[in-house]
Amino acid sequence: QNFQRPQKISVVWNPGEKDRIRLYTDINRRSCPMQEWATEDAKEFYKASASNSLTEGGGRFAADNIIDQSLSSWCGTGSQGLTIRLSFQERRNLSRLYVSNGLSIPEYYRRNNRIKKAKLVTDTKKELSIELKDTNESQEIVIKPLMAVKSLTLEILDIYQGSSFNDTCITEISPRPLRLSKN
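Below or above, wherever it landed, is the structure these notes cover. (Residues numbered from 1 in each chain as written. Predicted model: local features only at pLDDT ≥ 70, side-chain atom pairs only at ≥ 80, totals over all residues. Heavy atoms only, no water.)

**Examining the overall build of the protein chain**
Operational definition: Helix and strand definitions here come from DSSP, where helices need a minimum of 4 consecutive H or I residues and strands a minimum of 2 consecutive E residues; each element is numbered from the N-terminal end. Burial classes: relative accessible area under 20% of the type maximum marks a residue as buried, over 50% as exposed, and values in between as partly exposed (1.4 Å probe, protein chains only). The contact criterion used is simple: two residues touch if any of their non-hydrogen atoms lie within 4.5 Å. With residues, only the protein chains shown are counted as cover, and all accessible areas are computed by Shrake-Rupley using a 1.4 Å probe.
Summing up its helical and strand segments, the protein chain has one helix and 10 strands in all. Listing the helices and strands of the protein chain from first to last along the sequence gives β-β-β-β-α-β-β-β-β-β-β. A buried classification covers 39% of the 183 residues belonging to the protein chain. Long-range pairs, those at least 24 residues apart, make up 69% of the contacts in the protein chain with a sequence separation of at least 6. A total accessible area of about 10600 Å² is found for the protein chain, and carbon and sulfur atoms account for 47% of it.

**Observations concerning unusual backbone geometry**
Cis geometry is found at the peptide bond from Lys144 to Pro145, where omega equals -5 degrees. Of note, Gln69 is a non-glycine position whose phi angle comes to about 55 degrees, a positive value. Assignment of secondary structure puts Gln69 in the loop between helix 1 (56-59) and strand 5 (74-77). With relative accessibility at 16%, the residue Gln69 sits in the buried group.

**Points about the environment of Ile84**
Tracing the backbone through its elements, the reader meets Ile84 in strand 6 (residues 83-101). Assessed through its relative accessible area of 1%, Ile84 is described here as buried. Between the C-alpha atoms of Ile84 and Ser49, which are 35 residues apart in sequence, the distance is 5.8 Å. When residues no more than four places from it in sequence are discounted, the contact partners of Ile84 are Ser49, Ala50, Ile66, Trp74, Leu152, Thr153, Leu154 and Ile170.

Following this line, the structure appears as C-alpha cells:
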C-alpha cells in the first residue's frame, strides 16, 4: 500500500452540524475526513442572571456580560452570598468551566472584589466547591464526576477584598476555553 504524507490538516467546527468537530487531511489536494468528535462542551450558555448587578454606567455590568465572550464584566454589589445563575437551552453534560475572575480593566482589577471560593449548585441539587486564583487569566475548573445540567448557580462564599470598592466582578464564565474579544 502506498502511504502519502498529508500536506495539511484542518480542524472544522460547524455549529449548524449538531455540534461536531471534524479533522481533515489534504492528500493529493482532496479533503479526506480522518476523525470526528462530539463537542458537548462547545455549547454556550444562553442565559445569565444574578442576585444583583451594579447599575452604574447604565447597566454596563449586567449578568449577561459573563457569557458574551468579550472583555465586558459583571459586577454585583457586595460580596459573600451573591449568586449567578447560568442556563443552557437543553440539558447537557458539563465536564469543565472556564472562568476569568475580576474586572477586565487592568487598573480596576485589584480595586474591586474577586471570587476566592464559591459553590456550584446544579438544577438537580448536585454541589461542587471551587477555589479561584487571584488572577484575571482564564482558569479551568474540572468537574468530576461529569454533571448533567440544564442550569447551575454559582454562590460566592469568599472573596479577595478589593482595595477601593465593595463590588464583586467576573469577566467571563464558559464551558469551553475563553477567547475574549473587546466589545
